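Here is what each chain is made of, one letter per residue.
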Amino acid sequence: MIGEIFVKLAFTAVLVACGGYYYTFTRGNARSLNVARYAYHTGAVLILSFCSYLLYLILTHQFQYTYVWNYSSTDLPTPLLISTFYAGQEGSFSLWTLYTTIIGVALMGYCAKRGYESEVMFVWTMILSALLLMLLVKNPFELIWNTFPKDLLRTGPIGPDVTNFAWVDQAKGIWAQFPVEGKGLNPLLQNYWMVIHPQILFTGFTSMAVPYTFAVAGLLRRDYQSWVKVAKPWTVFGAATLGTGIILGGYWAYETLGWGGYWGWDPVENSSLIPWLVCVSSVHTMMSQRRSGTFVRTNFVLSILCFIMVLYSTFLTRSGVLGETSVHSFVSPGMWAYWILLGFILLFGGFGFGLLLRRMKEMPKIPVEHTIYSREFALFLGAFAICLAAVFITIGTSSPIITNILKGKSSAVDTAFYVKTTLPLGIIIALLAGFGQLLWWKASTAESLLKGMIYPLISTVLFTAGLVAYGVRDVSMIIFSFSAAFALFVNILVGYRIFTGNPKYAGGAIAHIGVALLFLGFVSSARYDDKQTVSLPQGQSTEILGGYTLTYIGERPIDEERFGFDVQVQHGNEQYRVLPTMRISAKDNTMMRHPDILNMYTKDFYITPLSVETPDGKSGESIALLKGESKTLADDLKVTFVDFDFNDMQKGKMLEGGAFTIGVELLVELNGKKEAVKALMKNSGREITYIPAKSSLSDVEFTIQKIQPNKEEPAKSRVELSAADPQKISHQPKVETLVVEASIKPYINLVWMGTVTLVVGFILTIVRRVQEARGLNEEQESADF
Amino acid sequence: MNMKIIIAGIIIVAALVFGAISFVDTNVEYTDFQSAASTHKKVQVKGAWLRDRDASFDGTKSQFSFYMKDDNGKEVRVVLDGAKPNNFELAEAIVVKGRYQDGYFHASDILTKCPSKYEADPASVKKTL
């Protein structure tokens, strides 16, 4: 109740602020500005309060709230319990709202100093009220008996043993029983990454709205130039945080989820990559506009797109339109959320682009003064290539929608689509990241360009020749590595020169070094990884992947749910121990594998447990029988497959996912004596056990290996059995076998190093741009090198 | 200036054509086992795991094989390159990506859909009372 009221009050306060700001810049009224500020701060306090309240409900296990019940449980450690705040849609929208509020406070102060407050905050409060509207529809404070009225609402006397109840309407005698335990957090999310990653990602998502806000504010004010300077540090901030969020997600997938890689071109991953690419490309064109006043329209378009793509991505991943095409299965949020999200895209897109179209004519035409050999042109091409990559990824991610419209049937593109389309763009981007740094503003001479690139070019050629000599044969990879190496060496050289001059200005060069390292890391770790699946009998050594000797030592429990598999890895003279784990959730019997990684500077040795095969001594003779068929084994033992026994299943147990048993009825004959026996397959839900059929006639036992019932034609039902005498085979040593997938990821550290370098570059740039924006009228533009 | 526009136009058109070709090329159609059997293209099929039929992992080939029923009720053996996926038991629906060959579906990729587990449903609320 309280939570819901707070959401409503906050919505009202933010709307008042929105109106106040509108009034301020249309009428120039100072009093309305004060009202707007108060209203915004009131809204902020209310938002902070309902978020704290939700957190309080989670921490105190108030399972009478559907959201708390749905995502948390009493057995979660506190950090994970806190993270259930944003485990579901309602909560992640709350988090988004909270961050929008907080960034809004910072934005207000920043803009007030620079005279942009009323327009910027008008747009910002519009965004904030849209998010709050979403929370009014998808209420995180819904009471559980309102979600399940039929199941939980009761009338009449309350039983003496019922303590977990609440009065819904005491006058009418309606009460509700509520859960004492929550459903808990998805085991896949139960690790520390869940605590960090969404927070950073949502900060990034939130800051993507800032360029939009500034662009619209610029249009409202008919200010087509200076808004860029004010918006620039925020745009870089957005690129830095969202970029960090994306790569942390990749690291999470790599390190914990055991997907084998850090990027899978999944819609959820793509949906944060698309706005990031748009944002990065606008960072480049903004730089150009700040410098020479060009790209006025481009910057408006890109800044508006940053936020629209965030909304579109949210729509793709949160509305259920992608259906079966993503590993991240998102719960369909209902029609309301679908239309609201679609409405947001139309509203904010229409507002931004509509305003842009209206102002288009009056925008000053800045004559293009630069030549093709200018930094402006390189920046433009670079931004264009980055945008094109975003376009391709958007098309690929939207493929289920596109094919649905075109063919009436949705289908998704293979991940090959993304590689195919982005690789040529990656090559162009890398080359430009090198050339662009060597070019001067307005115009460069061929001489200066050649002079600048001579050393980097020699290094690049040597480096690439080295790669070819080392065994790289794939032409596209050679070209990609060449261009990435070129970007690397140019930026190292340029960066060094700037750094020795004024370290503050080295942000761009450092960020580009990061990109080049990332690209090289992509080539080595994704294209030249080496993978092998191997069975490791306990205690025996097996050599794989050219020089890694693996020995499975044994299994050991880590805690109630997790088992570790102790594996010794011998490589050269070095000996390592790895402990990949499996986790079998006690709650729902799901099994999850967690890899272990040996980080060896130049490569990662990555090992994932696939399965453990415990010997059961049933490796006797294998026989396949159709229904009614007989076979005679050694010692004249004859066996006939009579029928299946599905009695247990007909009780519907299997459908409930519970335990069930299937029987195979057999007739055993020896020396004229007959006996009916039954072999069983028991599925406890967690594991399948086989109980052999024994007869008094012989020591031979029959165990089910495979069953193939055929309901349409029962005569075609088939069974595979193993026939063995346990007396004879029990002498064999019982050895457990661990099956693992091992892979070598060469130079994967380049990916992480590249990311860190990129972010450092971003941070340096933010610092510099903030200082510049502070002295807005003061021209302190020195050449970048 | 005109030259620039022409060049830019050519680049954009080329990029779009390239994108469109790649799109058609890599598009993996949703279909059922019936039509998967009549094509050699990579397709994806949605269906349910048949829990009562044999499912096993072959450690030597690193393949997991199981039986699956598509939405039209056709039952087919699926051989997946790789181990049994996480959350397989929980999946209320699965999507396999691959090709149909020699009487079985050779899957290179699998998606498991387990929404019901994390969706509020009356049966689960009763369990936690």
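Per chain, the residues get numbers from 1 upward, laid out in the order the sequence is written. The naming scheme follows written order: chains are lettered A onward, ligands numbered 1 onward. Restriction of local features to residues with pLDDT of at least 70 applies here, the model being predicted, together with a cutoff of 80 or more for giving and counting side-chain atom pairs; totals for whole chains, interfaces and linings are based on all residues. Each side-chain value is worked out from all heavy atoms of the structure, with water and hydrogens disregarded.

(A) Summary view of the confidence of the model for chain B. Residue and element names in this part refer to chain B. Summary statistics for chain B give a mean pLDDT of 79 and a share of 83% for residues scoring 70 or more. pLDDT expresses how confident the predictor is about each individual residue, on a scale running from 0 to 100. Every helix listed is a DSSP run of H or I at least four residues long, and every strand listed is a run of E at least two residues long, numbered separately from the N terminus. Mean pLDDT values over the elements of chain B span from 66, in helix α3 (residues 122-127), up to 88, in strand β5 (residues 75-81). Residue contacts are defined here by distance: any two heavy atoms, one from each residue, within 4.5 Å place the two residues in contact. Low pLDDT, under 50, characterises residues 115-119; the predicted model gives this stretch 21 contacts beyond four residues in sequence or across chains.

(B) How the structure looks around the packing of aromatic side chains. Aromatic rings from Phe, Tyr and Trp, taking only the six-membered ring of Trp, are treated as a pair when their centres fall within 6.5 Å; an angle between ring planes under 30 degrees marks them as stacked, one over 60 as edge-to-face, and anything in between as tilted. With the rule as written, the count across this model stands at 53 aromatic pairs over all chains. Seen from their ring centres, Y552 of chain A and F565 of chain A are 6.4 Å apart, and the 55° between their planes marks the pair as tilted. In this pair, Y552 of chain A is assigned in strand β7 (residues 548-557) and F565 of chain A in strand β8 (residues 562-571), connecting sequence segments 13 residues apart. We call a residue buried when its accessible area falls under 20% of the maximum for its residue type, exposed when it is over 50%, and partly exposed in between, using a 1.4 Å probe and counting protein chains only. Note on Y552 of chain A: relative accessible area 0%, which makes it buried. Taken together through their ring pairs, the aromatic side chains of Y192, W193, Y251, Y254, Y262, F480, F519, F522, Y606 and W752 of chain A make up a single cluster. Placement of a positive charge over a ring is assigned whenever Lys NZ or Arg CZ falls within 6 Å of the ring centre and within 35 degrees of the normal to the ring plane. If you follow K745 of chain A out to its NZ or CZ, it ends over the ring of Y606 of chain A, 5.4 Å from the centre. The ring of Y104 of chain B carries R77 of chain B above its face, with NZ or CZ at 5.6 Å from the centroid.

(C) Geometry of the pattern of salt bridges. Residues and elements named next belong to chain A. Any Lys or Arg side-chain nitrogen located within 4 Å of an Asp or Glu carboxyl oxygen qualifies as a salt bridge. One pass over the full model with this rule turns up 14 salt bridges over all chains. Taking the shortest distance from any N to any O, the salt bridge between R37 and E117 comes out at 2.5 Å. With a gap of 80 residues between them, R37 in helix α2 (residues 30-59) and E117 in helix α6 (residues 117-137) connect regions that are remote in the sequence. Exposure remark for R37: the relative accessible area of 28% places this residue in the partly exposed category. A relative accessible area of 5% places E117 in the buried class. Across the pair R577 and D566 runs a salt bridge, and its minimum N-O distance is 3.4 Å.

(D) Structural view of the pairing of strand β2 (residues 43-49) of chain B. Residues and elements named next belong to chain B. For β2, the buried fraction is high: 5 of the 7 residues fall into the buried class. Strand direction decides the pairing type here: strand β1 (residues 27-31) and β2, joined by 3 bridges, are parallel. Note on β2: the bridge partner recorded for T31 is V45. Pairs of strands are assigned from DSSP output, requiring at least two bridges between the strands. Two strands pair when backbone bridges link them, and β2 and strand β6 (residues 93-101) are joined in this way by 5 bridges, in the antiparallel orientation. Counterpart to V45 in the pairing with β6 is V96.

(E) Just the pairing of strand β11 (residues 591-594) of chain A, in detail. Residue and element names in this part refer to chain A. Burial along β11 is two-sided: the residues M591 and R593 and M592 and H594 are all buried. In the sheet, strand β10 (residues 581-584) pairs with β11 via 4 bridges, with the strands oriented antiparallel. Bridging from a neighbouring strand, R583 pairs with M592 of β11.

(F) Up close: the sheet that holds strand β19 (residues 688-691) of chain A. Residues and elements named next belong to chain A. A sheet is described by the order of its strands in space; here 5 strands give the open sequence β15-β16-β17-β18-β19, paired in antiparallel fashion. Either end of the sheet is taken by a strand with one partner, and the two such strands are β15 (630-632) and β19. Across the sheet, the mean angle separating the axes of adjacent strands is 20° when strand polarity is ignored. Pairing between strand β17 (residues 660-670) and strand β18 (residues 673-683): 11 bridges, direction antiparallel. Whenever a helix is involved, its axis is fitted only over the stretch in contact; in every case the axis is a line through C-alpha atoms, and angles between N-to-C directions fall within 0 to 180 degrees.

(G) Here's a closer look at the sheet that holds strand β3 (residues 174-177) of chain A. Residue and element names in this part refer to chain A. With respect to topology, 3 strands assemble into an open sheet ordered β1-β3-β2, the strand pairing being antiparallel. The outermost strands of the open sheet, each flanked by one partner alone, are β1 (153-155) and β2 (165-169). In this sheet, neighbouring strand axes are inclined to one another by 40° on average, regardless of whether the strands run parallel or antiparallel. As paired elements, β2 and β3 share 4 bridges and run antiparallel to each other. By the bridge assignment, A166 is partnered in β3 with A176.

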